[in-house]
Amino acid sequence: MRGLARPAVAALLGLLVTGCSLASQIGTTAPTGITQQLLMRSLERALSRLDLARTSGRPVALEVAVQSGNEGFVKDFVTTWLKAHGVRTVQNSPEMKLKLFVSVYGTDRDQTLIGVPAFQAPVVNFPVPELALFKWVRNRGQAELRMWAFDGKGDVVVDAPTPGVGRAKYDDFTVLLFLGFTLSDVNKRPD
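Residues numbered from 1 in each chain as written. Predicted model: local features only at pLDDT ≥ 70, side-chain atom pairs only at ≥ 80, totals over all residues. Heavy atoms only, no water.

**Student:** Got a minute to help me understand the overall build of the protein chain in this structure?
**Tutor:** If you tally the helices and strands in the protein chain, you get three helices and nine strands. Going from the N terminus to the C terminus, the protein chain shows its helices and strands as α-α-β-α-β-β-β-β-β-β-β-β. Counting all 191 residues of the protein chain, 27% fall into the buried class. For the protein chain, contacts bridging at least 24 residues in sequence account for 71% of all contacts bridging at least 6. Carbon and sulfur atoms form 58% of the exposed surface of the protein chain, whose accessible area is close to 12500 Å². (Helix = DSSP H or I, 4+ residues; strand = E, 2+ residues; numbered from the N terminus. Buried < 20%, exposed > 50% of the residue type's maximum accessible area, 1.4 Å probe, protein only. Contact = heavy atoms within 4.5 Å. Areas by Shrake-Rupley, 256 points an atom, 1.4 Å probe, with all protein chains shown as cover.)

This is the structure:
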């Protein structure tokens, strides 16, 4: 009986290990969900900082220009957001023409590591994992919007409010190799 127990246990462990390695994994989207949240919160925060007092309730023509990013989505979101906050857009006979430029729209990533970074050991060709006494991975989203208001004919600037800047953060921390936590403000929406 003892002679059969060891091979049976080894076979069972082999099946368990094989089963774990064959588990399917869901692929990530591009950009990742966190990146999308960083972009959206920074865009919403930048929009909330625009001064819309002179444009509220007046018929305006609206043009949105995006330097980078998902241009179609950004234009639709900005247009809808402005309409929801009192900007009345028209095609014919506007009192003013608004040009809104999304000059910054993106994410940045940086990290600080106190410890040993992961590397491939020479000669033996063996991977050595990262050994982090302290690691701080900073993910930042930023949006900057600039709006100019022109008269109805579109050639004289009548208002140039200060730019709206929005930022969002998502930070991952690792302390003493395996203690990890996250600090983020992506779930806080602007008023």
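**Student:** Please clarify how helix 3 (residues 71–84) should be interpreted in this entry.
**Tutor:** Since there are 3.6 residues in each turn of an α-helix, residues three or four apart along the chain are aligned in direction. With 14 residues, helix 3 ought to run about 20 Å at 1.5 Å a step, and its terminal C-alpha atoms sit 20 Å apart, in line with that. Inspection of helix 3 places Val 74, Phe 77, Val 78, Trp 81 and Leu 82 among the buried residues, and these make up the whole buried set. Each buried residue of helix 3 lies within a common arc of 125° when the element is viewed along its axis, so the set occupies one face. Facing away from the buried side of helix 3 by more than 90 degrees, the exposed set consists of Asp 76, Thr 80 and Ala 84. Here the buried face of helix 3 lies against helix 2 (33–48), strand 1 (59–66) and strand 3 (96–116). (Expected span 1.5 Å × (residues − 1). Arc of directions from axis to C-beta.)

**Student:** What should I look at first to understand the packing of aromatic side chains in this one?
**Tutor:** We describe a pair of aromatic rings using the distance from one ring centre to the other and the angle between the two ring planes. Applying the stated rule across the entire model yields five aromatic pairs. Here the aromatic rings of Phe 101 and Trp 148 are separated by 5.6 Å at their centres, their planes lie at 75°, and the arrangement is edge-to-face. Remark: Trp 148 occurs in strand 6 (residues 131–151) and Phe 101 occurs in strand 3; sequence separation between them is 47 residues. Overall, Phe 101 belongs to the partly exposed group, its relative accessible area being 33%. On the basis of relative accessibility, which here comes to 27%, the residue Trp 148 falls in the partly exposed class. Here a set of aromatic residues connected by ring pairs shows up, and it is made of Phe 134, Trp 136, Phe 173 and Phe 181. Sitting above the plane of the Phe 150 ring, Lys 99 keeps its charged end 5.6 Å from the centroid. Lying over the aromatic face of Trp 136, Arg 138 brings its terminal NZ or CZ to 4.4 Å of the ring centre. (Phe/Tyr/Trp six-rings, centres within 6.5 Å; stacked < 30°, edge-to-face > 60°. Lys NZ or Arg CZ within 6 Å of the ring centre and 35° of its normal.)

**Student:** Before we go on, may I ask you to explain helix 2 in this structure?
**Tutor:** An ideal rise of 1.5 Å per residue puts 22 Å on 16 residues; helix 2 measures up with 22 Å between its terminal C-alpha atoms. Every buried residue belonging to helix 2 is among Leu 38, Leu 39, Met 40, Arg 41, Ser 42, Leu 43, Glu 44, Arg 45, Ala 46 and Leu 47, and all of these are buried. Looking at the buried residues of helix 2, the elements they touch are helix 3, strand 3, strand 6 and strand 8 (164–175).

**Student:** What am I meant to see in the environment of Asp 76 here?
**Tutor:** Looking at the secondary structure, you find Asp 76 in helix 3. Given a relative accessible area of 53%, Asp 76 falls into the exposed group. In this structure the C-alpha to C-alpha distance between Asp 76 and Val 64, which are twelve residues apart in sequence, comes to 8.9 Å.

**Student:** What is the right way to look at the layout of surface pockets in this model?
**Tutor:** One simple way to see leftover space: roll a probe sized like a water molecule over the atoms. Roughly 190 Å³ of volume is contained in the largest pocket. Forming the walls of the largest pocket are Pro 31, Gln 36, Leu 39, Met 40, Gly 69, Asn 70, Phe 73 and Tyr 105. Sorting elements by how many residues they give to the lining of the largest pocket places helix 2 first, with three residues. Across the lining of the largest pocket, the residue classes break down as five nonpolar, three polar and no charged. (1 Å grid on protein atoms, 1.4 Å probe; cavity = no way out; pocket = protein on both sides within 12 Å on 5 of 7 lines; lining within 4 Å. Points joined across faces, edges and corners; volume = space filled by probe spheres on them. Nonpolar A, V, L, I, M, F, W, Y, C, P; charged D, E, K, R; others polar.)

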